[in-house]
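Architecture and fold: a report
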Amino acid sequence: MASTSTVFMKTIFIVLIFVSFTISPATSTAPENCGIESANQCIGKAKALPLKIIAIATILVSSMIGVGAPLFSSNVPFLQPDRNIFTIVKCFASGIILGTGFMHVLPDSFAMLSSQCLEENPWHKFPFSGFLAMLSGLVTLVIDSMATSIYSSNNTDEVVPHGHGNDFTFPTKDEDSAQLLRYRVIAMVLELGIIVHSVVIGLSLGATNDICTIKSLITALCFHQMFEGIGLGGCILQAEYTNLSKFLMAFFFAITTPFGIALGIGLSTIYRNNSHTALITVGLLNACSAGLLIYMALVDLLAADFMGAKLQGSVKMQIKCFIAALLGCGSMSVIAKWA
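Given the structure is predicted, the values throughout are model-derived calculations rather than measurements.

Side chains of a nonpolar character, in soluble globular proteins, are inclined to be buried together. L190, I236, Y241 and M296 are the most contacted members of the largest nonpolar core, which totals 43 residues. Listed by contribution, the elements that provide at least two residues to this core are α2 (45-72), α3 (84-113), α4 (128-154), α5 (174-207), α6 (211-239), α7 (243-266), α8 (276-306) and α10 (315-335). At 10 residues, α8 tops the list of elements feeding residues into this core. With residues near it in sequence (within four places) discarded, L190 still touches I97, G231, L232, C235, L293, M296 and L301. Judged by nonpolar contacts, the second largest core, of 20 residues, contains C117, L203, L267 and V282.

A few words now on the UniProt feature "transmembrane region" (unreviewed entry) in the protein chain. The UniProt record annotates "transmembrane region" (unreviewed entry) at residues 53-73, 85-106, 126-143, 185-205, 249-271, 277-298 and 319-338. Along residues 185-205 the backbone is 100% helical and 0% strand, and the end-to-end C-alpha distance reaches 31 Å. In this annotation, residues 249-271 is assigned 78% helix and 0% strand; the end-to-end C-alpha distance for the span is 29 Å.

Here we take up α8. When the terminal C-alpha atoms of α8 are compared, their 43 Å separation across 31 residues agrees well with the 45 Å that a helix rising 1.5 Å per residue should span. Of all bends in α8, the biggest is about 30 degrees, found at M296. The buried fraction of α8 amounts to 25 of the 31 residues, a majority that puts the element mostly inside the structure.

Note on placement: V105 falls in helix α3. Overall, the relative accessible area of 0% leaves V105 in the buried class. Note: C-alpha distance between V105 and L293 (188 residues apart in sequence) is 9.1 Å. Among residues more than four places away in sequence, those in contact with V105 are T100, H197, N286, S289, A290 and L293.

Per the counting criterion, the structure on display carries 7 aromatic pairs. On the basis of an interplanar angle of 70 degrees and a centroid distance of 5.1 Å, the ring pair of F126 and F128 is categorised as edge-to-face. Through a chain of ring-to-ring contacts, three or more aromatic side chains come together here, namely W123, F126, F128 and F131.

Looking now at the pattern of salt bridges. Two side chains carrying opposite charge are able to pair once their charged atoms lie near each other. Here the structure, examined in full by the defined rule, presents 3 salt bridges. Between D305 and K90 there is a salt bridge, with its nearest N and O atoms 3.4 Å apart. Within this pair, whereas D305 is found in helix α8, its partner K90 is found in helix α3, the two being separated by 215 residues in sequence. Using a relative accessible area of 14% as the deciding quantity, one classes D305 as buried. Of the charged contacts, one joins D144 and R182 as a salt bridge, the two residues approaching to 3.0 Å between their closest N and O atoms. Here the residue D144 occupies a position in helix α4, and R182 occupies one in helix α5, the gap between them amounting to 38 residues. With relative accessibility at 3%, the residue D144 sits in the buried group. Several salt bridges share partner residues, and in doing so they unite D144, R182 and D300 into one network.

Relative to the helices and strands, S94 is located in helix α3. Judged by its relative accessible area of 1%, S94 is buried. In this view, S94 contacts A297, L301 and L302; residues no more than four positions away in its chain are not counted.

What counts as what
Residues numbered from 1 in each chain as written. Predicted model: local features only at pLDDT ≥ 70, side-chain atom pairs only at ≥ 80, totals over all residues. Heavy atoms only, no water. Core = buried A, V, L, I, M, F, W, Y, C linked by side-chain atoms within 4.5 Å. Buried < 20%, exposed > 50% of the residue type's maximum accessible area, 1.4 Å probe, protein only. Helix = DSSP H or I, 4+ residues; strand = E, 2+ residues; numbered from the N terminus. Contact = heavy atoms within 4.5 Å. UniProt positions renumbered as here; feature names shortened; annotations may be inferred. Expected span 1.5 Å × (residues − 1). Bend = angle between axes of the 7 residues up to and from the residue. Phe/Tyr/Trp six-rings, centres within 6.5 Å; stacked < 30°, edge-to-face > 60°. Salt bridge = Lys/Arg side-chain N within 4 Å of Asp/Glu carboxyl O.

Given below as structure tokens:
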């Protein structure tokens, strides 16, 4: 079942993140002030906690609106997946995911793994962020290919009327069945990449006691999660899961960042954003997440649409979709100024 696989993958990543931050920091030759919050007027644990609670509520609502909007749009005739407007909106959402990978996740990874709080050798002698992002993209390609092959071989005999049955039933036409299968694999792999990034940014916000940082992050992350949710929601809609599976995938996306914030609050006594362990763990996770998101946005979403029959048959639609994707990238670029 798709919902079971999604829950399992998310559980693995959440456990890995929790274990990583509860392990004692490794011995390093970093400056003495690394791992210690700087003394300034913005630092205040008592004042930061109410803001974190507000962040949990507002980001949860924003995430629900973002991921839910495409799903409820299925009841609006002109927003049906076979309409041109849906393709344009999907390209906008794909641009958001691409912008997230290039403008948020990857730069964060480079900044963390090149921090002065890490040793010169090996962290400053090799571009780990670029290497892991590249490796993650290739691994995502393998997972994408193998998952499609496995699901195809396991469901070749399942041919039932379109839109009914369990999570992995297919339409009667072979081509439609293959396309639906691709949409389902894309939705699952994309959510896997998004959840890693969402937990990490939530964890960082929940652990910090910098009031100034929290205030600026709340608004930025609300828009960030809303736009990212639109991209994921569009993929879930095209995958034509059962209503239960749609709800579970949307639900887990919505609670991921709030969960990260709550986890950060719980670990705030032992976790510091600039500690040796935090920089390495979060930096590596961000690099892996960036590679996955960039691959998914370019290969499985944008390239698939632009090379598909609908856009190849209309230069005007190609231009509209390119502008939509550019706007999606631009919106995330603007948000990167505050996030």
